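Results of the structural survey
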Amino acid sequence: MRILMLFPLLIACAVSRPQASAVVADYFVDPVGKSYRLLADDRLVTGNPLGQNQFEFFDSSLGAPEVVDVTNPFAILLFYADYGTVVVLDRTLSEVSRLDLFSLAHLRQPVTAARATDQGIWVFDSWDYRLKLLDAAGRPRLASNDLRLEIDTAEEPTAIFVDQDRVLLHYAATARVAVFTNYGRFEYWVTLPETGTVGWYAPYLTGFTGTGYWVWERRQQEARPLVPGKLTGKLLATRTGFYQLTSAGEVAFVATKTNQE
């Protein structure tokens, strides 16, 4: 098995700086490297490159989103599972649209969602255990087979990840990923190391086991050890390094060199 060894260089730049009083609950990075922080008070914030202030979004009636998908920074997707609500934001975190999934006749129990590559919305419906693709208005476009029969599990996925022409269902409880085509057809399973923390930055899924990190690239059949140094918590791996949340609550990028054996 090839081992991916990443040794941090002395190159690290903070992408964003939160206010001193802000506690960061989670963070996300879009494809061009802009970071977004979900704060403990349920605000989603990002830096304003034109000034000292920051953009933010907060809806007291919804609380914290279960999903923050910044794949498209011009159409950021937030999903609130308890309310079955999808909110779409622009790059200034201003609300563009809102969709009540509970109001749709073809959806009963949406448990997780993600942005599709064509700006549709992938949703997993635990009512009939199908992966469903909606258009921006919530109209159905396609649905998978009943996955209880097709992939032989009644476990609900904890997240949907999208990478170009593939859709991934992540099952945290059993540490597995089910890979589908963008037509909802199941292809294969990937078994991952057990972990409590994962980070997705297409095409890489990174996990922290408590004693070390692993990284899985979507086209690979297994995860590989990742050695980024003495770090803990969530990482977002890239081809040239990784993003991390520093102890000061800053999102930083660390460049690395790669040695594959």
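Every value quoted in this text rests on a predicted model; they were computed, and no experiment measured them.

**Details of the overall build of the protein chain**
If you tally the helices and strands in the protein chain, you get one helix and 24 strands. Seen along its three principal axes, the alpha-carbon backbone of the protein chain occupies a region of about 55 × 50 × 25 Å. The buried share of the protein chain, taken over its 261 residues, is 52%. Expressed as a percentage of contacts within the protein chain between residues at least 6 apart in sequence, the contacts between residues at least 24 apart total 39%. Just so you have it, the protein chain exposes about 12,600 Å², and 51% of that area is on carbon and sulfur atoms. With 24 positive and 29 negative side-chain charges, the protein chain shows a separation of 6 Å between the mean positions of the two kinds.

**So, the pairing of strand β10 (residues 110–115)**
Look at any regular strand and the pattern is simple: side chains alternate between the two faces of the sheet. Most of β10 sits out of view: five of its six residues are buried. Here β10 pairs with strand β11 (residues 121–125) via five bridges, running antiparallel. Note on β11: the bridge partner recorded for R115 is I121. Here β10 folds back onto β11, and the loop between the two strands holds five residues, one of which, Q119, carries a positive phi near 75°.

**Re the nonpolar core**
One finds W122, L131, L147, I160, L169 and F180 to be the most contacted residues of the largest nonpolar core, which totals 17 residues. Sorting elements by how many residues they give to this core places strand β15 (residues 166–171) first, with three residues. Sequence-distant contacts of L131, defined by excluding residues within four places in its chain, comprise W122, V123, F124, L142, A143, S144, I160, V167, L169 and F180.

**Topic: the pattern of salt bridges**
Counted under the stated rule, the structure contains 17 salt bridges. Residues R43 and E56 are paired through a salt bridge, measuring 3.0 Å at the closest nitrogen-oxygen approach. Separated by 13 residues along the polypeptide, R43 in the loop between β3 (35–39) and β4 (44–47) and E56 in strand β5 (residues 54–57) bring together distant segments of the chain. For R43, a relative accessible area of 14% corresponds to the buried category. A relative accessible area of 39% means that E56 is categorised as partly exposed. The salt bridge involving R166 is made with E187; its shortest N-O contact spans 2.8 Å. Separated by 21 residues along the polypeptide, R166 in strand β15 and E187 in strand β17 (residues 186–191) bring together distant segments of the chain. Given a relative accessible area of 18%, R166 falls into the buried group.

**Describing the sheet that holds β4**
On the basis of which strands lie adjacent, the open sheet formed by four strands has the order β2-β3-β4-β5 and antiparallel pairing. Two strands bound the open sheet, and with one partner strand each, they are β2 (24–29) and β5. Strand-to-strand twist across the sheet, computed as the mean angle between neighbouring axes with direction ignored, equals 25°. Judged from the five bridges that link them, β2 and β3 form a sheet pairing that is antiparallel. Counterpart to Y27 in the pairing with β3 is R37.

**Observations concerning the side chain of D135**
Tracing the sequence through the fold places D135 in the loop between β12 (130–134) and β13 (140–143). Looking at D135, its side chain comes within polar contact range of the main-chain nitrogen of R139, at 2.8 Å. Beyond its immediate chain neighbours, meaning those up to four positions away, D135 contacts G120, I121 and R141.

**Here's the deal with the sheet that holds strand β19 (residues 204–208)**
One open sheet holds the four strands; their spatial order is β18-β19-β20-β21, and the pairing between them is antiparallel. Two strands close off the open sheet at either side, each with one partner strand: β18 (197–201) and β21 (224–226). Within the sheet, the average angular offset between the axes of one strand and its neighbour, ignoring direction, is 30°. Across five bridges, β18 lies against β19 in antiparallel orientation. The partner of Y201 across the bridge, within β19, is Y204.

About the cut-offs
- Residues numbered from 1 in each chain as written.
- Predicted model: local features only at pLDDT ≥ 70, side-chain atom pairs only at ≥ 80, totals over all residues.
- Heavy atoms only, no water.
- Helix = DSSP H or I, 4+ residues; strand = E, 2+ residues; numbered from the N terminus.
- Buried < 20%, exposed > 50% of the residue type's maximum accessible area, 1.4 Å probe, protein only.
- Contact = heavy atoms within 4.5 Å.
- Areas by Shrake-Rupley, 256 points an atom, 1.4 Å probe, with all protein chains shown as cover.
- Lys, Arg positive; Asp, Glu negative; His and termini not counted.
- Charge placed at Lys NZ, Arg CZ, Asp CG, Glu CD.
- Pairing = 2+ DSSP bridges.
- Core = buried A, V, L, I, M, F, W, Y, C linked by side-chain atoms within 4.5 Å.
- Salt bridge = Lys/Arg side-chain N within 4 Å of Asp/Glu carboxyl O.
- Axes fitted to C-alpha atoms, helices over the stretch in contact; angles between N-to-C directions.
- Polar contact = N/O pair within 3.5 Å; in protein donor to acceptor, adjacent residues only side chain to side chain.

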